[in-house]
Amino acid sequence: MKVIVDNLAVNYELKGKGKVVLLLHGWADNHQTFSRLISYLSSKYAVVALDLPGFGESETPRQAWNLDNYADFIASFLTKLSIENIYAIIGHSNGGALAIRGLSRGVLKADKLVLLASAGVRNSQPLKRVITKSVAKAGKVTTFWLPKSTRQSLRSKLYGTVGSDMLVVPELSKTFKLTVAQDVQADAAKLKLPTLIINADNDPAIPAKDGERFHYLIKHSKLKMLNGNDHFIHHQYANTINQEISEFLSQ
Amino acid sequence: MSKTKVAVIFGSRSAEHDVSIVTAIASIIKPLELSAIYEPVPVYIDKQGRWFSHPRLKDIALYTTGQIDDFLSKQKPLLLQMGGGMKITWPGIKPKSVKLGAVFPATHGTHGEDGELAGTLEMANVPYVGCDMPSSVIAMDKALAKTIASYEGIPTPKYVWFYSRDFMGDNDSVLTKLSGLTYPLFVKPVHLGSSIAISKVNSAKELINAIEVAAHYDDKIIVEEAINNLIEVTVPIMGNASPKAALVEQPILNSDNVFDFESKYIRQGKKGGAKSSESAQGYSKLPADLPKELYAAAEELAIKTYKAIGCSGIARVDLLIDSKTKKVYFNEINPMPGSLYAHNWKKSGLSNLKLAENLIDLALERFKAKQKLTTTFKTTYLKQY
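Residues numbered from 1 in each chain as written. Chains lettered and ligands numbered in written order. Predicted model: local features only at pLDDT ≥ 70, side-chain atom pairs only at ≥ 80, totals over all residues.

### Some details on the environment of Ser203(B)
All names here are of chain B.
Then comes step 1: On the secondary structure map, Ser203 appears in the loop between β10 (199–201) and α9 (204–217).
Then comes step 2: Assessed through the 11 C-beta atoms surrounding it within 10 Å, Ser203 is described here as exposed.
Then comes step 3: Distance from Ser203 to Pro184, taken between C-alpha atoms, is 7.6 Å for residues 19 residues apart in sequence. (Helix = DSSP H or I, 4+ residues; strand = E, 2+ residues; numbered from the N terminus. Buried ≥ 20, exposed ≤ 12 C-beta atoms within 10 Å, placed from the backbone.)

Below, the structure written as structure tokens:
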């Protein structure tokens, strides 16, 4: 289903009835990443999942956006759907960082928060980040003579090799730089809502200690560390994640 | 004997640009490469509206790998010469020209299928495949097509159309106009194909949001009542004066009873996703699972509609059936069906090559008939000056 928000056509899914649960996907992903979670939760809740602008079937913002622009947009989207109260927000990866920033600024309001392999601790591995940036920059310089498609695929590989889930989407490269530049640790420290944090101990994109860091910063949080090496924990450990979330939301 | 050169024109400035690439390459160019009488010449219109021709444009991988922009940056756009036929010229130090024996338009949606290309080819006086300009213009305007069909006694669901500027200016008067319709309703941009921006709504709030979505893509909108106990069927038709139907086909609808873009081109009718290599038949029942009389009624109404709109060459008529009342309604007509609906024609006994060749034959037949019309009218009008 589509709706026009701030002159952008946005694709979303609204399934189930009851208290509203909002799902926010990560970078280069779309709302269908949550298809199993949506099926599971929609028997008890009204689950709203949107393709964030620039991803899935939603139009791309006309300017580069940071997390604040995205959070403001989500607020407008909810107003458009006449949704006033959010019971819970569930964010994966960059969607987690977005939820933290939106809640801390008061643009988004919710009773509960679930962070799945959440991004937002931008300086946890300074060396790794430096390598990422250097390799990516080197990639840009040394590959400028290659065909555009080869260049993009190579640059995506470079980002992938150094352990980032945030593949470069060409038309969103400025937005990518703005969003990954935003560290949300100070925002996380302001949160007072009950929060469930789930991470995988060998996640190649988000280190386990980022989850521990959020657990330390968010007062009423609970950390569940899974044994695994997949960043898309809601796919690989779907049953566990669904049950953990369901239990947390019903408390 | 040398083969007749047939320019296959595809791409263009349209939301259905990518669908057109597949139609042209898979259903027209590749089969015609086996033809003993016709030689396909690929003519690709890029998203900026520039025309190009090069043998590599016949390779689907050029588009799927995203190499097309790089490739085109090294090519010069074609020069077109019109009048007494159509000639395309590759510019350069030694320009090369080819006179086209016929043109096979394979564009979908705006700036092509909507009649613009047919009009251009008509001006050039070159034989071309498919509907002519007036019928394309009517077919590509869902409101106009329904108005003409209704006038000819063809049943359609109850509908209201309006310009989006009227809704943006004074939505109360538009909503009053719409209040005579019964929910659930379908909201559609009138000019877009492939079910882009179509919404099914159940309440006034949803209706306003859906109109905004349609208005985001088009300046004219149609809102129509949904048919109960719905069976949707589609009928590909081919011919000039005596059109013939292929098989009546029953697409698999999504959960909102919409045969949408995703169902057609992405999921290919499979729940939970399907690989693009799967056959087009995957998304439909072919032939439709209908009682004999209903099947015949659908076929008859489709041909009647094809004639009423003035189609020639090829088109596909979409119908809606209320399975309880057994009533068949005209929904919409597509002057250039995606991939020509070759899978359906194939099952009707026509190979991909024969389908493409027959369509060119029909284009030549129509062209010949038109040449017999007198286009001059002797008067003494100028003498008085």
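### Topic: the domain arrangement of chain B
Residues and elements named next belong to chain B.
Then comes step 1: Segmentation of chain B into domains returns domain 1 (4–130), domain 2 (158–225) and domain 3 (230–371).
Then comes step 2: Contacts between the two partners involve 24 residues from domain 1 and, on the opposite side, 18 residues from domain 3.
Then comes step 3: Of all the secondary structure elements, the ones that give two or more residues to the side of domain 1 that touches domain 3 are α1 (17–32) and β7 (102–105).
Then comes step 4: In terms of residue count, the dominant contributor to the side of domain 1 that touches domain 3 is α1 (eight residues).
Then comes step 5: When its residues are assigned to classes, the side of domain 1 that touches domain 3 shows 17 nonpolar, six polar and one charged. (Domains from an automatic or database assignment. Contact = placed C-beta atoms within 7 Å. Nonpolar A, V, L, I, M, F, W, Y, C, P; charged D, E, K, R; others polar.)

### Overview of unusual backbone geometry
Then comes step 1: Of note, the bond from Tyr183(B) into Pro184(B) is cis; its omega dihedral lies within 30 degrees of zero at -5°.
Then comes step 2: Summarising the element assignment, Pro184(B) is placed in the loop between α8 (171–178) and β9 (185–189).
Then comes step 3: At the junction of Leu286(B) and Pro287(B), the peptide bond is cis and its omega measures out at 0° in the coordinates.
Then comes step 4: Assignment of secondary structure puts Pro287(B) in the loop between β15 (284–285) and α11 (292–309).
Then comes step 5: Although it is not a glycine, Asn7(A) adopts a positive phi angle of roughly 65°.
Then comes step 6: Assignment of secondary structure puts Asn7(A) in the loop between β1 (2–5) and β2 (8–15).
Then comes step 7: Despite not being glycine, Ala117(A) shows a phi value in the positive range, around 45°.

### A look at the pairing of strand β1 (residues 4–11) of chain B
Residues and elements named next belong to chain B.
Then comes step 1: Burial within β1 is extensive, with six of its eight residues counted as buried.
Then comes step 2: For β1 and strand β2 (residues 38–45), the ladder comprises eight bridges, and the chain directions are parallel. Paired with Phe10 across the two strands is Tyr44, which belongs to β2.
Then comes step 3: Looking at chain direction, β1 and β7 are connected through four bridges and run parallel. When the sheet's bridge partners are listed, Val8 is paired in β7 with Phe104. (Pairing = 2+ DSSP bridges.)

### Considering the confidence of the model for chain A
Residue and element names in this part refer to chain A.
Then comes step 1: On average, residues of chain A score 85 in pLDDT, and 80% of them reach the 70 mark or higher.
Then comes step 2: For residues 133–145, every residue scores under 50 in pLDDT, and the model assigns this stretch 12 contacts once sequence neighbours within four places are set aside.
Then comes step 3: Confidence drops under pLDDT 50 across residues 154–168; counting only partners more than four residues distant or on other chains, this segment forms 42 contacts. (pLDDT = per-residue confidence, 0-100.)

### Digging into the interface of chain B and chain A
Then comes step 1: Taken together, the contacts link 12 residues of chain B with nine residues of chain A.
Then comes step 2: When residues of the side of chain B that touches chain A are traced back to their parent elements, those giving at least two are α3 (68–73) and α9 of chain B.
Then comes step 3: Ranked by residue count, the leading element in the side of chain B that touches chain A is α9(B), at five residues.
Then comes step 4: Across the side of chain B that touches chain A, the residue classes break down as two nonpolar, six polar and four charged.

### Here we look at the confidence of the model for chain B
Residue and element names in this part refer to chain B.
Then comes step 1: Taken as a whole, chain B shows an average pLDDT of 90; of its residues, 91% reach a score of 70 or greater.
Then comes step 2: Taken together, the stretch residues 265–281 has pLDDT below 50 and engages in 23 contacts with residues farther than four places along the chain or on a different chain.
Then comes step 3: Here the complex is predicted with pTM 0.77, and the ipTM for its interfaces comes to 0.72.

### Section: the pairing of β9(B)
All names here are of chain B.
Then comes step 1: Summarising burial for β9: five of the five residues are buried, a large majority.
Then comes step 2: Where burial is concerned, the two faces of β9 agree: the one with Leu185, Val187 and Pro189 and the one with Phe186 and Lys188 are both buried.
Then comes step 3: One ladder, built from three bridges, connects β9 with β10; its direction is antiparallel. Counted as the bridge partner of Val187 is Ser199 from β10.
Then comes step 4: As paired elements, β9 and strand β11 (residues 220–225) share five bridges and run antiparallel to each other. Within β11, the residue paired with Phe186 across the bridge is Glu224.

### Examining the environment of Lys209(A)
All names here are of chain A.
Then comes step 1: Secondary-structure assignment places Lys209 in helix α8 (residues 208–217).
Then comes step 2: By C-beta crowding, Lys209 is classed as partly exposed, having 15 other C-beta atoms within 10 Å.
Then comes step 3: For the pair Lys209 and Val121, spaced 88 residues apart in sequence, the C-alpha to C-alpha distance is 9.4 Å.

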